[in-house]
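These are the residues of each chain, in order.
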Amino acid sequence: VVLVEDQISSLRASQFVLGVSLMGTSLTHRKLTRIMTDTGARVLNLCLDRDAVALAVEYSKKFSSLCDIVVHPMTRDLKDLDEDELQEYLLNMEK
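Residues numbered from 1 in each chain as written. Predicted model: local features only at pLDDT ≥ 70, side-chain atom pairs only at ≥ 80, totals over all residues. Heavy atoms only, no water.

## Points about the nonpolar core
So, step 1. Leu3, Leu22, Leu27, Leu32, Ile35, Leu44 and Leu46 are the most contacted members of the largest nonpolar core, which totals 18 residues.
So, step 2. With 3 residues, the top contributor of residues to this core is helix α2 (residues 29-39).
So, step 3. Grouped together as the second largest cluster of nonpolar side chains are 11 residues, Ala13, Met74, Leu78 and Leu90 included. (Core = buried A, V, L, I, M, F, W, Y, C linked by side-chain atoms within 4.5 Å. Buried < 20%, exposed > 50% of the residue type's maximum accessible area, 1.4 Å probe, protein only. Helix = DSSP H or I, 4+ residues; strand = E, 2+ residues; numbered from the N terminus.)

So, in structure tokens, the structure goes:
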């Protein structure tokens, strides 16, 4: 499961993996447990923009008792990658 900031990136990611839009950078306990319940995932890949990396790391620590959040600092937004770049990035993330 890949968590992203916006709906377009989520739709693009969903071509290859399950993409979920956070509708911004906020990740609350309620939102996280809903995502985990709906997807069955216990490992979540968090792909926030470069300016939100510190926040992503904070979430990873804050929610470590619930699940594994793997932070992937983005240099380019998923919605801006071409098909080959997007597929390679997402499929390598799952390894």
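## A look at the side chain of Asn45
So, step 1. As for its position among the elements, Asn45 is in strand β3 (residues 43-47).
So, step 2. Residue class for Asn45 comes out buried when judged on its relative accessible area of 5%.
So, step 3. Among the polar contacts listed, one links the side chain of Asn45 to the side chain of His72, at a separation of 2.8 Å. (Polar contact = N/O pair within 3.5 Å; in protein donor to acceptor, adjacent residues only side chain to side chain.)

## Concerning empty space enclosed by the protein
So, step 1. Applying the stated criterion across every chain yields a total of 1 cavity of 30 Å³ or more.
So, step 2. Its residues assigned to classes, the lining of the largest cavity shows 4 nonpolar, 1 polar and 4 charged. (1 Å grid on protein atoms, 1.4 Å probe; cavity = no way out; pocket = protein on both sides within 12 Å on 5 of 7 lines; lining within 4 Å. Points joined across faces, edges and corners; volume = space filled by probe spheres on them. Nonpolar A, V, L, I, M, F, W, Y, C, P; charged D, E, K, R; others polar.)

## Brief notes about the pairing of strand β4 (residues 68-71)
So, step 1. Taken together, the 4 bridges between β3 and β4 define a ladder with parallel strand orientation. Residue pairing across strands places Leu46 opposite Val71, the latter belonging to β4.
So, step 2. A crossover links β3 with its parallel partner β4, the connecting element being helix α3 (residues 53-62), and its sense is right-handed. (Pairing = 2+ DSSP bridges. Right-handed = clockwise from strand over helix to strand, strands pointing away.)

## Some points on the sheet that holds strand β1 (residues 2-4)
The strands making up a sheet are joined through hydrogen bonds of the backbone, oriented either antiparallel or parallel.
So, step 1. If you trace the 4 strands from one edge of the open sheet to the other, you get β2-β1-β3-β4, paired in parallel fashion. The open sheet terminates on both sides in strands that have one partner only, identified here as β2 (19-21) and β4. Strand-to-strand, the axes of this sheet are offset by a mean angle of 30°, without reference to chain direction.
So, step 2. Sitting on the sheet, α3 touches β3 and β4, and the angle it makes with β4 is about 160°. (Axes fitted to C-alpha atoms, helices over the stretch in contact; angles between N-to-C directions. Contact = heavy atoms within 4.5 Å.)

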